[in-house]
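Here's the letter readout for the chains.
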Amino acid sequence: MMDIKQKVIFNVLAKDAQNAKELIEVGGDRIFVGVMVKNFATEEDAIQHVQHFQNIGVPVSVGLGAADPNMWKRVANVSAKTRPVHINQVFSAAGYTLGRMEELGETPIINGVIEPSGTPGEVYISTGPASSSNKEKVSCDLAAKMLAEVGIQSIKFYPIQGEKHLDEVAAMVKAAVRAGIKIFEPTGGITVDNVYNIVKICLDNGAEVVIPHLYTSLINKETGRTEVAKIIHLLKMKWD
């Protein structure tokens with residue numbers, strides 16, 4: 001897997017290449033810029049957009065787009081063509097995507113999406129296009145082991161709705177660590193105001209790298225751009 005030197009990396013959006021560039025200029029290796037494949041008319045359009053970002057030095061995180069399970073194959077295809085540093089994937093397709101990247105000799109961070117169930121210690125892993133209609137709970141331990149046993153090294157826990165499910169976040173992190181998964185990605189309703197607590201819960205429960213996804217909360221409503229000032233604010237946060 002890619003060598004991660006940072007303990008907390010922020011996964012954010014950018015309106016365009018210029019916006020992405022200014023975020024990386026202040027954030028460096030503590031920022032991944034998400035590109036959601038759902039936002040493009042075709043796979044080729046998404047590939048060109050990712051490559052444009054990469055050509056100006058932006059580390060790209062290829063994403064589904066609101067965790068849309070129907071985009072799983074497009075994520076894998078776009079990733080195989082662009083070789084990004086980070087890939088977001090539905091639970092059932094994470095291992096498939098890892099296999100494709102390994103064939104290319106690439107070692108990006110790939111996550112599998114796990115969904116909180118409302119009960120600490122139990123989750124939904126049915127985050128794929130057909131399986132998502134089956135809301136059946138499994139233990140956090142089973143979920144983590146199923147990703148770990150095929151080599152997936154990160155869990156994206158979504159949607160956590162800000163601080164509403166911190167007890168569930170803690171339980172999932174503990175299970176991930178027990179299974180040997182050291183990277184944790186809390187996502188959904190995270191803002192500049194609550195991110196400190198959410199990341200702290202992850203670190204306190206054993207995660208070694210935390211990648212919170214902060215999207216709309218960083219975007220200026222008027223311009224549609226992710227605000228550099230908010231990124232600077234995030235970068236000043238210190239976790240023990």
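The notes below deal with the structure included here. Treat the numbers as computed from the prediction; the structure is a model and nothing was measured.

### Thoughts on the overall build of the protein
Part 1 of the argument: A count of helical and extended segments in the protein gives eight helices and ten strands.
Part 2 of the argument: Here the protein has a C-alpha radius of gyration of 16 Å; the compact-globule value for 240 residues is 18 Å, and the two agree.
Part 3 of the argument: Taken over the C-alpha atoms alone, the protein extends approximately 45 × 40 × 30 Å along its principal axes.
Part 4 of the argument: Across the 240 residues in the protein, those meeting the buried criterion constitute 53%.
Part 5 of the argument: If you take every contact in the protein between residues at least 6 apart in sequence, the share linking residues at least 24 apart comes to 66%.
Part 6 of the argument: Within the structure as shown, the protein displays about 10300 Å² of accessible surface, and the carbon and sulfur contribution to it stands at 49%.

### Structural notes on the side chain of Asn111
Part 1 of the argument: Turning to its location among the elements, Asn111 is positioned in strand E5 (residues 109-116).
Part 2 of the argument: Of note is the side chain of Asn111, whose polar atom sits 3.1 Å from the backbone nitrogen of Gln89.
Part 3 of the argument: In this structure, Asn111 is in contact with His86, Ile87, Asn88, Gln89, Ala94, Ile152, Ser154, Ile155, Lys156 and Glu185, ignoring residues within four places of it in sequence.

### Observations concerning helix H5 (residues 140-148)
Part 1 of the argument: Within H5, burial applies to Cys140, Ala143, Ala144 and Leu147. Here the buried residues of H5 occupy an arc of 95° about the axis, which is enough to place them on one side.
Part 2 of the argument: If you follow the buried residues of H5, they end up packed against helix H4 (94-103), E5, strand E6 (122-124), strand E7 (138-139), strand E8 (154-157) and helix H6 (166-178).

### Concerning the packing of aromatic side chains
Part 1 of the argument: All chains considered together, the criterion is met by three aromatic pairs.
Part 2 of the argument: On the numbers, 5.4 Å between centres and 80° between planes, the contact of Trp72 with Tyr96 is edge-to-face. Note that Trp72 is positioned in helix H3 (residues 72-82) and Tyr96 in helix H4, a separation of 24 residues in sequence.
Part 3 of the argument: Residue class for Trp72 comes out partly exposed when judged on its relative accessible area of 25%.
Part 4 of the argument: Seen in terms of ring centroids, Phe157 and Phe184 are 5.9 Å apart; in terms of plane orientation they differ by 55°. Their pairing is tilted. Residue Phe157 is located in strand E8, and its partner Phe184 is located in strand E9 (residues 183-186); the two are separated by 27 residues in the primary sequence. In this pair, the class of Phe157 matches that of Phe184, namely buried.
Part 5 of the argument: Here the basic side chain of Lys135 rests over the ring of Tyr124, its NZ or CZ set 5.1 Å away from the ring centre.

### Describing the pattern of salt bridges
Part 1 of the argument: Enumeration over the complete set of coordinates arrives at nine salt bridges.
Part 2 of the argument: Between Asp16 and Arg225 there is a salt bridge, and its shortest N-O distance comes to 3.2 Å. Residue Asp16 is found in the loop between strand E1 (10-12) and helix H1 (17-27), and its partner Arg225 is found in the loop between strand E10 (209-210) and helix H8 (228-235); the two are separated by 209 residues along the sequence.
Part 3 of the argument: When its relative accessible area of 19% is taken as the criterion, Arg225 is described as buried.

### A short note on the packing of H5 against H6
Part 1 of the argument: Direction vectors running N to C along H5 and H6 enclose 45°, while the axes themselves pass 8 Å from each other. Of the possible angle classes, the one that applies to H5 and H6 is oblique. Judged by the sense of rotation from one axis to the other, the crossing of H5 with H6 is right-handed. Residue-level contacts link Cys140, Asp141 and Ala144 of H5 to Ala171, Met172, Ala175, Ala176 and Arg178 of H6.
Part 2 of the argument: Classifying every residue of the contact of H5 with H6 by side-chain character gives six nonpolar, no polar and two charged.

Parameters and conventions
Position labels on residues start from 1 in each chain and follow its written sequence. Totals for whole chains, interfaces and linings use all residues, but because this is a predicted model, local features are given only for residues with pLDDT of at least 70 and pairs of side-chain atoms are given and counted only at 80 or more. To get the side-chain values, all heavy atoms of the structure are used, and hydrogens and water are removed first. Helix and strand labels come from DSSP, where a helix needs a run of H or I of at least four residues and a strand needs a run of E of at least two; each type is numbered from the N terminus. As defined in this context, the radius of gyration uses C-alpha atoms, and a globule is described by 2.2 Å times the residue total to the power 0.38. Buried, partly exposed and exposed residues are distinguished by accessible area as a fraction of the type maximum, computed with a 1.4 Å probe on protein chains only: under 20%, between the cut-offs, and over 50%, respectively. Every residue pair with non-hydrogen atoms within 4.5 Å of one another is taken to be in contact. We get accessible surface area from the Shrake-Rupley algorithm with a probe of 1.4 Å; when it comes to residues, only the shown protein chains can shield them. In protein, a polar contact means a hydrogen-donor-capable atom and an acceptor-capable atom, both N or O and within 3.5 Å, with residues adjacent in sequence counting only if both atoms are side-chain atoms; elsewhere, any N or O pair within 3.5 Å suffices. What the arc measures is the spread of directions leading from the helix axis to the C-beta atoms. Stacked, tilted and edge-to-face pairs are distinguished by plane angle, under 30 degrees for stacked and over 60 for edge-to-face with tilted covering the rest, among Phe, Tyr and Trp rings (Trp via its six-membered ring) whose centres lie within 6.5 Å. Two limits define a charge over a ring: the Lys NZ or Arg CZ must be within 6 Å of the ring centre, and within 35 degrees of the ring normal. Salt bridges are defined by distance alone: a side-chain nitrogen of Lys or Arg within 4 Å of a carboxyl oxygen of Asp or Glu. The convention used is that axes are lines fitted to C-alpha atoms, helices contributing only their stretch in contact, and that angles between N-to-C directions extend from 0 to 180 degrees. Throughout, the term roughly parallel applies to angles under 35 degrees, roughly antiparallel to angles over 145, roughly perpendicular to angles from 65 to 115, and oblique to all others. By definition, any crossing whose near helix is turned counterclockwise from its far helix by less than a right angle is left-handed, and any crossing with a clockwise turn is right-handed. Classification used: nonpolar for Ala, Val, Leu, Ile, Met, Phe, Trp, Tyr, Cys and Pro, charged for Asp, Glu, Lys and Arg, polar for all others including Gly.

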